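Fold and contact review
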Amino acid sequence: TETALELDMGLSLGEWEDVGRQLGRIHRASAWWIGDWLNFGESRYGETYAQGMDATGLQYETLAQYARVSRAVESCRRLQNLTFSHHHEVAALDEVLRIARAL
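No experiment lies behind these values; they were computed from the predicted model shown.

Describing the layout of surface pockets
Considering only enclosed or pocket space, the largest pocket measures out at about 600 Å³ in volume. Surrounding the largest pocket, 18 residues form its lining, Arg 25, Arg 28, Ala 29, Ser 30 and Trp 32 being those nearest its centre. With nine residues, the single largest contributor to the lining of the largest pocket is helix H1 (residues 13–45). Class assignment for the residues of the lining of the largest pocket results in ten nonpolar, five polar and three charged.

In structure tokens form, the structure reads like this:
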């Protein structure tokens, strides 16, 4: 459920570890998925942040950050061994470089 993970008492140690790996993968991927989802919605349907807030329960600022980083860092440049926060920093540097080149 949204508030609990109930596991079968017969779960083996290996199965329990697999669940943990899956949960970690979902956690690491969720910001990317939400950002990509928002960017798709915005390009296809227009302004989607109000709907995004309703659908996800996340605040506007969080959604805007996810969308901005997902838009700035193409999927082929995203590295699995780096966190979303690392990519956020790269996106910010890319923006600084774009501004500097424009001057």
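Still to come is the rest of the account.
Examining the environment of Arg 77
Along the polypeptide, Arg 77 turns up in the loop between helix H3 (60–72) and helix H4 (84–102). For Arg 77, a relative accessible area of 38% puts it in the partly exposed group. On a C-alpha basis, the gap between Arg 77 and His 87 in space is 9.2 Å, while along the polypeptide they are ten residues apart.

Describing the side chain of Asn 39
For Asn 39, the location among the structural elements is in helix H1. Setting aside chain neighbours within four positions, we find Asn 39 in contact with Ala 67, Ser 70 and Arg 71.

Quick word on the nonpolar core
Core analysis: the biggest nonpolar cluster contains 13 residues, and Leu 38, Tyr 49, Val 69 and Phe 84 have the highest contact counts within it. Elements with a contribution of two residues or more to this core: H1, H3 and H4. With five residues, the single largest contributor to this core is H3. When sequence neighbours within four positions are dropped, the list of residues in contact with Leu 38 reads Thr 48, Tyr 49, Gly 52, Leu 63 and Ala 67.

Basis of the calculations
- Residues numbered from 1 in each chain as written.
- Predicted model: local features only at pLDDT ≥ 70, side-chain atom pairs only at ≥ 80, totals over all residues.
- Heavy atoms only, no water.
- 1 Å grid on protein atoms, 1.4 Å probe; cavity = no way out; pocket = protein on both sides within 12 Å on 5 of 7 lines; lining within 4 Å.
- Points joined across faces, edges and corners; volume = space filled by probe spheres on them.
- Helix = DSSP H or I, 4+ residues; strand = E, 2+ residues; numbered from the N terminus.
- Nonpolar A, V, L, I, M, F, W, Y, C, P; charged D, E, K, R; others polar.
- Buried < 20%, exposed > 50% of the residue type's maximum accessible area, 1.4 Å probe, protein only.
- Contact = heavy atoms within 4.5 Å.
- Core = buried A, V, L, I, M, F, W, Y, C linked by side-chain atoms within 4.5 Å.

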